[in-house]
Amino acid sequence: MAEATPVSAGERVETLDVVRGFALLGILIMNIVAMGLPMAAYFNPAALGPPSESDLRTWFVVNTFFEGSMRTLFSMLFGAGFILLLDRLDARGLGLMGAKIYARRIMLLMLMGLVDIVVFLWSGDILLVYRVSALFLLPFWKSKLGGLVLWGAILLGLAVAAPKLSTPGDWVIVGVPHLVLALQIAARRRQAARQREV
């Protein structure tokens, strides 16, 4: 029986690693304000009194170039990691064992999120939201492109139609990976079809 071993250095997608590091740095830049100041300062640079010119410049740069875009980038990478892991395990003949390995990784992610919230008292933790997203992704792993796009659109539509159910960010984090996953699957299938033709 095939084994689930870590990928070799040659199998890693270095570009994804670099982009993931960039996204993490961007999320850190977004969270620095909320880590050092009351949450109101995250949205309003004048929350603690008149801001200096450098405060306003910093707030503008963070909210223009990092807020939202880094979270979206990280969500896309989350979807990419999902498909790469399960495709590699499936290619090794592990079948449902790959899904179990993925589920274990997601449980570890949830544990890290709980530690972040309970031990470090960080209310801005997003790992639990990613964990919920991961539960939605697994049943769609081998779905057809049309179904994935439809479900992604439904979840994004819910964010617009029913914002009281949750924050739009939560729905986007659930919906965006589905759309990205659909595009990734389509690209991988096209690549596999081209390789079969050669």
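One structure accompanies this document, and this report is about it.

Rules behind the numbers
- Residues numbered from 1 in each chain as written.
- Predicted model: local features only at pLDDT ≥ 70, side-chain atom pairs only at ≥ 80, totals over all residues.
- Heavy atoms only, no water.
- Helix = DSSP H or I, 4+ residues; strand = E, 2+ residues; numbered from the N terminus.
- Contact = heavy atoms within 4.5 Å.
- Areas by Shrake-Rupley, 256 points an atom, 1.4 Å probe, with all protein chains shown as cover.
- Axes fitted to C-alpha atoms, helices over the stretch in contact; angles between N-to-C directions.
- Left-handed = near helix turned anticlockwise from the far one by under 90°.
- Patch = residues over 30% accessible without salt bridge, like charges linked within 9 Å, V, L, I, M, F, W, Y side chains within 5 Å.
- Salt bridge = Lys/Arg side-chain N within 4 Å of Asp/Glu carboxyl O.
- Phe/Tyr/Trp six-rings, centres within 6.5 Å; stacked < 30°, edge-to-face > 60°.
- Buried < 20%, exposed > 50% of the residue type's maximum accessible area, 1.4 Å probe, protein only.
- Core = buried A, V, L, I, M, F, W, Y, C linked by side-chain atoms within 4.5 Å.
- Nonpolar A, V, L, I, M, F, W, Y, C, P; charged D, E, K, R; others polar.

## Points about the overall build of the chain
Item 1. Check the secondary structure of the chain and you find 8 helices and 0 strands.
Item 2. Taken from the N to the C terminus, the helices and strands of the chain come in the order α-α-α-α-α-α-α-α.
Item 3. Long-range contacts, defined here as pairs at least 24 residues apart, represent 70% of the contacts in the chain between residues at least 6 apart.
Item 4. Surface accessibility of the chain: about 12,200 Å² in total, with carbon and sulfur atoms responsible for 70%.

## Notes on the packing of helix H4 (residues 69-91) against helix H5 (residues 96-118)
Item 1. Relative orientation of the contacting elements H4 and H5 amounts to 145 degrees, with a least axis distance of 9 Å. In the packing of H4 onto H5, the handedness of the crossing is right-handed. For the pair formed by H4 and H5, the contact residues are Phe78, Phe82, Leu85, Leu86 and Leu89 on the first element and Gly98, Ala99, Ile101, Tyr102, Arg105, Ile106 and Leu109 on the second.

## What about a nonpolar patch on the surface?
Item 1. Nonpolar side chains collect at one region of the surface, where Leu108, Leu111, Met112, Val115, Ile117, Val118, Val119 and Phe120 lie side by side and expose about 750 Å² of accessible area between them.
Item 2. Position of Val118 among the secondary structure elements: in helix H5.

## Some remarks on the packing of aromatic side chains
Item 1. Per the stated rule, a full pass over the model turns up 1 aromatic pair.
Item 2. Seen from their ring centres, Phe82 and Tyr102 are 4.9 Å apart, and the 70 degrees between their planes marks the pair as edge-to-face. Highlighted residues: Phe82 in helix H4 and Tyr102 in helix H5, separated in sequence by 20 residues.
Item 3. The exposure class of Phe82 is buried, given its relative accessible area of 2%.

## Considerations on the pattern of salt bridges
Item 1. Under the criterion given, the structure shown has 2 salt bridges.
Item 2. We note a salt bridge from Arg20 to Asp17, for which the minimum N-O separation is 3.2 Å. You can see Arg20 and its partner Asp17 sitting in helix H1 (residues 14-36), 3 residues apart, about one turn around the helix.
Item 3. The class of Asp17 is partly exposed, set by a relative accessible area of 28%.
Item 4. Among the ionic pairs, Glu53 bridges to Arg57, the shortest N-O distance being 2.3 Å. In this pair, Glu53 and Arg57 both sit in helix H3 (residues 53-66), 4 residues apart, roughly one turn of the helix.
Item 5. With a relative accessible area of 56%, Glu53 lands in the exposed category.

## As for the environment of Thr72
Item 1. Examined against the element boundaries, Thr72 turns out to sit in helix H4.
Item 2. Among the residues examined, Thr72 registers a relative accessible area of 32% and is labelled partly exposed.
Item 3. Between the C-alpha atom of Thr72 and that of Ala23, which follows or precedes it by 49 residues, the distance is 9.0 Å.

## So, the nonpolar core
Item 1. In terms of nonpolar packing, the biggest core is built from 29 residues, with Phe78, Phe82, Tyr102, Ile106 and Leu109 touching the most fellow members.
Item 2. No other element matches the 11 residues that H4 contributes to this core.
Item 3. If we ignore the near neighbours within four places in the chain, the residues touching Leu109 are Phe78, Leu127, Tyr130 and Arg131.

## Description of the packing of H1 against H4
Item 1. Close contact between H1 and H4 brings their axes to 9 Å; oriented N to C, the two are set at 145 degrees. Handedness of the H1/H4 crossing: left-handed. Mapping the contact onto sequence places Leu16, Val19, Arg20, Phe22, Ala23, Leu24, Gly26, Ile27 and Met30 in H1 and Met70, Arg71, Leu73, Phe74, Leu77, Ala80 and Leu84 in H4.
Item 2. In terms of residue class, the contact of H1 with H4 is built from 13 nonpolar, 1 polar and 2 charged.

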